[in-house]
Amino acid sequence: CKSYKLVVVGGGAGGCATAAKFSSKLGKGNVAVIEPADVHYYQPMWTLVGGGMKTLENSGRPMSQVLPKKADWIKQRVVTFDPHNNKVMTEDGSEINYEFLVVALGLQLNYGQIKGLPEAFETPGVCSNYSPLYVTKTLEALNNFKEGNALFSFPNAPIKCPGAPQKIMYISDHYFRKHGKRDKANIIYFTSLPVIFAAKKYADALWEVVKERDITVNLRHNLIEVKPDTREAMFQNLDDPDNIKTLPYEMLHVAPPMSSPDPLRQCTLLTNETGFLDVNKNTLQHVTFPNVFGLGDCTSVPIPKTAAAVAGQFGIMHRNLSLVMAGSSPKHEYDGYTSCPLVTGYSTCIMAEFDMDFNPLETFPINQAKERRTMFHLKKDMMPSVYWYGMLKGLWEGPKNMRKVMHLGMSK
Ligand code: FAD
Ligand code: UQ1
């Protein structure tokens, strides 16, 4: 049975950054990352892959290349947590002991919860930017679109990058215009939420975008079934559950329901009532096990889940964990910073950035609710390098310092 000073579960955005930081600090043999995947994907690129601006290959690197050399990579899935005995179990039956644990498992995609959807993915026109299995079907659906309904769904569950289900809709609108088929397309957004976007400043801007582009928005509607044989999708009105709308589709883009991963959800010692890792939302330390920290999509921190948020959390988490390792208590506090680059076509983007109260927390001293080319290039051409060479090496903690400089020290 192996034993480490620090075990990191999950080698995605948060786990990889954490392993890089602590393996360089603690040295070889002291840090392990448990991660089953062969490929590490930069998921934020999938919006662009769906629209044909990047390829799926552009978005992935071999896991062996991105995980830090000084950490031991245990290529396994964690199946059980035992926080009272400071150990985790992996699929092959091994036990791994830790002094400190960082949980960064991300989210599980539950496509199977929508009746008929798994079968519908085998047919043309049904796509999803959320999975490497289905993201390349999005461009195919756009290419093959002739005429009819193009439907875009947002599920009745917390998801990562809550802007992504509508980003691809704006890209599709632009694609249809560029290819002279916009007048043949009826674009409709169905969201389970009561709002178009959580932060009001950007929601107001997005309502303008949908109006201008002639897009229909149905709030509080949830995709419950897909019928691939008749090419129909069924949406339930969440405020009037007996009211079910059935629409034919030519294209259907689905954001699946998501949840905390099963192995974590099953360990109720570690999770809250909704199944997420129960951490203090400011210090990121677990509420009952002080030697456990968490960051990223799998935690209970009440903010929209994004890689930008993971970057901000990482800066706080690694400092607090270092303090706890040294026998002291956490003193750094996360402000809830998150960012969602709302791509609105092939050359524009609204750069939403806000705090835990959904108040804007913008990096640049310009109105970021406006659609801009500069922000599109930041998202498409600059963020991938920030991610691969900054974030995954434990060197990027979000744009906080940049924001302070840009606002001459007067921003939070
Ligand atoms: P992840 O990066 O998802 O990593 C979780 C890791 O845990 C994975 O490597 C997985 O293999 C591993 N794992 C899972 N189960 C187990 C197990 N049992 N044992 C061990 N390991 C396990 N964010 C932005 O900031 N900006 C954007 O523009 C943006 N756009 C997005 C667009 C799309 C289409 C998608 C899908 C996401 C987007 N995001 C964006 C969100 C961003 O990708 C995530 O918020 C971020 O990756 C979360 O990091 P994480 O470390 O919490 O989880
Ligand atoms: C960010 O920090 C980040 O993390 C790496 C992202 O993930 C890909 C983002 O999409 C964005 C927008 C940020 C925030 C950075 C700036 C400069 C606004």
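A. Looking closely at unusual backbone geometry. Even without being a glycine, L284 presents a positive backbone phi close to 70°. Mapped onto the elements, L284 comes out in the loop between α8 (262-265) and β19 (292-294). Given a relative accessible area of 0%, L284 falls into the buried group. Even without glycine at this site, L408 takes up a positive phi of about 50°. Relative to the helices and strands, L408 is located in the segment after α11 (400-406).

B. Looking closely at the pairing of strand β14 (residues 221-227). Most of β14 is tucked away: 5 of the 7 residues are buried. Of the strand pairs in this sheet, β14 and strand β15 (residues 232-237) are connected by 6 bridges, and their pairing is antiparallel. Bridge pairing in β15 links E225 to M234. The antiparallel hairpin formed by β14 and β15 contains 4 residues in its connecting segment, where R231 sits at a positive phi of about 50°.

C. Up close: the packing of aromatic side chains. This model, assessed by the stated rule, comprises 14 aromatic pairs. Three or more aromatic residues link up through ring pairs in this structure, and these residues are F197, Y202, F354 and F358. Its end group placed over the ring of W388, R61 keeps NZ or CZ at 4.4 Å from the ring centre. Above the face of the F276 ring, K305 is positioned so that its terminal group lies 4.5 Å from the ring centre.

D. Expanded view of the site of ligand 2. Inspection of the region around ligand 2 gives 15 residues, with Y42, Y337, S339, M383 and W396 positioned closest. Note that an oxygen atom of ligand 2 is positioned 2.9 Å from one of the side-chain N or O atoms of W396. With the chains in place, 98% of the 440 Å² that ligand 2 exposes on its own is no longer accessible. The residue makeup of the shell around ligand 2, split by class, is 12 nonpolar, 2 polar and 1 charged.

E. Broad picture of the sheet that holds strand β10 (residues 126-127). As summarised here, the arrangement of the 5 strands in space is β10-β17-β11-β12-β13, forming an open sheet in which the pairing is parallel. The open sheet has two edge strands, β10 and β13 (216-218), and neither has a second partner. The sheet contact formed by strand β11 (residues 148-154) and strand β17 (residues 251-254) spans 4 bridges and is parallel. Among the inter-strand pairings, L151 is bridged to a residue of β17, identified as L252. Taken strand by strand, helix α6 (residues 164-178) contacts β11, β12 (185-191) and β17, and its axis lies near 175° from that of β12.

F. Region of interest: the packing of helix α1 (residues 13-26) against helix α9 (residues 307-325). Running from N to C, α1 and α9 cross one another at 35°; their axes reach a closest spacing of 10 Å. Our pair here, α1 against α9, has a crossing hand that is right-handed. Facing α1, whose interface residues are A13, G14, A17, T18, K21, F22, K25 and L26, α9 presents V310, F314, M317, H318, L321, S322 and M325.

G. Molecular detail of the pattern of salt bridges. Scanning the entire structure with this criterion turns up 18 salt bridges. The salt bridge involving R77 is made with E91; its shortest N-O contact spans 3.4 Å. Linking R77 in the loop between β5 (72-74) and β6 (78-82) with E91 in the loop between β7 (87-90) and β8 (95-103), this pair joins segments that are 14 residues apart in sequence. R77 sits in the partly exposed class, given a relative accessible area of 38%. Overlapping salt bridges, with partners in common, bring together D173, R177, R182, R213 and E371 in one network.

H. Representation of the sheet that holds β15 in the model. If you walk across this open sheet you meet the 3 strands as β14-β15-β16, and the pairing is antiparallel. In this open sheet, the two strands that pair with only one neighbour each are β14 and β16 (244-248). Averaged over neighbouring strand pairs, the angle between their axes works out to 25° when direction is ignored.

I. Region of interest: the site of ligand 1. Close contacts around ligand 1 come from 30 residues, with G14, E35, V78, D297 and A308 the closest. Here an oxygen atom of ligand 1 and a backbone polar atom of G14 are 2.8 Å apart. Note that an oxygen atom of ligand 1 is positioned 3.0 Å from one of the side-chain N or O atoms of K379. Within the complex, 91% of the 1000 Å² of free accessible area of ligand 1 lies under protein. When residues of the shell around ligand 1 are traced back to their parent elements, those giving at least two are α1 and α9. Per element, the largest residue contribution to the shell around ligand 1 is 3 residues, and it comes from α9. Residues of the shell around ligand 1, tallied by class, amount to 14 nonpolar, 10 polar and 6 charged. For the shell around ligand 1, the domains that each give at least three residues are domain 1 (2-107 + 260-331) and domain 2 (109-258).

Conventions used here
- Residues numbered from 1 in each chain as written.
- Chains lettered and ligands numbered in written order.
- Predicted model: local features only at pLDDT ≥ 70, side-chain atom pairs only at ≥ 80, totals over all residues.
- Heavy atoms only, no water.
- Helix = DSSP H or I, 4+ residues; strand = E, 2+ residues; numbered from the N terminus.
- Buried < 20%, exposed > 50% of the residue type's maximum accessible area, 1.4 Å probe, protein only.
- Pairing = 2+ DSSP bridges.
- Phe/Tyr/Trp six-rings, centres within 6.5 Å; stacked < 30°, edge-to-face > 60°.
- Lys NZ or Arg CZ within 6 Å of the ring centre and 35° of its normal.
- Near = heavy atom within 4 Å.
- Polar contact = N/O pair within 3.5 Å; in protein donor to acceptor, adjacent residues only side chain to side chain.
- Areas by Shrake-Rupley, 256 points an atom, 1.4 Å probe, with all protein chains shown as cover.
- Nonpolar A, V, L, I, M, F, W, Y, C, P; charged D, E, K, R; others polar.
- Contact = heavy atoms within 4.5 Å.
- Axes fitted to C-alpha atoms, helices over the stretch in contact; angles between N-to-C directions.
- Left-handed = near helix turned anticlockwise from the far one by under 90°.
- Salt bridge = Lys/Arg side-chain N within 4 Å of Asp/Glu carboxyl O.
- Domains from an automatic or database assignment.

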